[in-house]
Amino acid sequence: MMKYFTKVKNKNFWAEIKHFQPHEFDEEKGDGTGFEQMDEDLIRRLDKARSIAGVPFQITSGYRTPLKNSQLEGAVKGSAHTVGKAVDIRWIGRENYFKILNALKQVGFIRIGHYIWSEKENRGTIHVDNSTIKPQVQWYNLASTKTTKTNWEQRFNNIA
Ligand SMILES: [Zn+2]
């Protein structure tokens, strides 16, 4: 894995990103925070994952100010979103879910959160971040469904 040691955020990398525009990561569309705040390593890996997956990644959340983050229901204080190191990707359909997930794992992401909004309608959100100060684990939020955790872990293991 490549490492970046720049102290000042260099935004030149955006020119090399194939699948995403900076505004997709804005807190409020058009406010420029995506371009200014998103982490280079995160965006580069996300772009690579998008190539591997071959399906659209709909970004539902990128950068968040700490204030906005604190106002969101269920958002974690000090979320990686507040330092530009997290994105939420909406998926529709189990097949797309596994394509996205598999690609994220292939480019080395470890911290992946699974939010299954509707088992019946086959849709949800994947949170992915490259925080190095938070636990290096995956997690599941199944509060909004009747799916059992075991059930999802079994499916998850099938992707390898
Ligand atoms: Zn998130």
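Use the structure listed above.
Residues numbered from 1 in each chain as written. Predicted model: local features only at pLDDT ≥ 70, side-chain atom pairs only at ≥ 80, totals over all residues.

### Overview of the sheet that holds strand S3 (residues 111-118)
Here is the rule we go by: If DSSP finds at least two bridges between two strands, the strands pair. Secondary structure elements are taken from DSSP: a helix is a run of H or I of four residues or more, a strand is a run of E of two residues or more, and numbering for both begins at the N terminus. Structural elements are reduced to axes, namely lines fitted to C-alpha atoms, with helices fitted over the stretch in contact, and the angle between N-to-C directions of any two is expressed from 0 to 180 degrees. In this description, any two residues whose backbone-derived C-beta atoms lie within 7 Å of each other are considered to be in contact.
Across the sheet, five strands lie side by side as S1-S2-S4-S3-S5; this open sheet has mixed pairing. What marks the edges here is a single partner per strand, and that holds for strand S1 (58-61) and strand S5 (139-141). Between one strand and the next, the sheet's axes are offset by a mean angle of 25 degrees, whatever the strand orientation. Both S3 and strand S4 (residues 123-129) contribute to a ladder of seven bridges, which runs antiparallel. By the bridge assignment, Tyr115 is partnered in S4 with Thr125. On the sheet, helix H4 (residues 94-106) packs against strand S2 (86-92), S3 and S4 and is oriented at approximately 150 degrees with respect to S2.

### Some words on the nonpolar core
Basically, it comes down to this: Each nonpolar core consists of buried Ala, Val, Leu, Ile, Met, Phe, Trp, Tyr and Cys residues. Their C-beta atoms, within 7 Å, join them into a set. Three exposure classes are used, based on other C-beta atoms lying within 10 Å of a residue's own C-beta, which is placed from the backbone: buried for 20 or more, exposed for 12 or fewer, and partly exposed in between.
Ranked by internal contacts, the top residues of the largest apolar core, which has 21 residues, are Val87, Ile89, Ile100, Leu104, Ile126 and Val128. Those elements that provide at least two residues to this core are helix H2 (40-53), S2, H4 and S4. In this view, Val87 contacts Phe25, Leu46, Ile59, Ser61, Gly62 and Val128; residues no more than four positions away in its chain are not counted.

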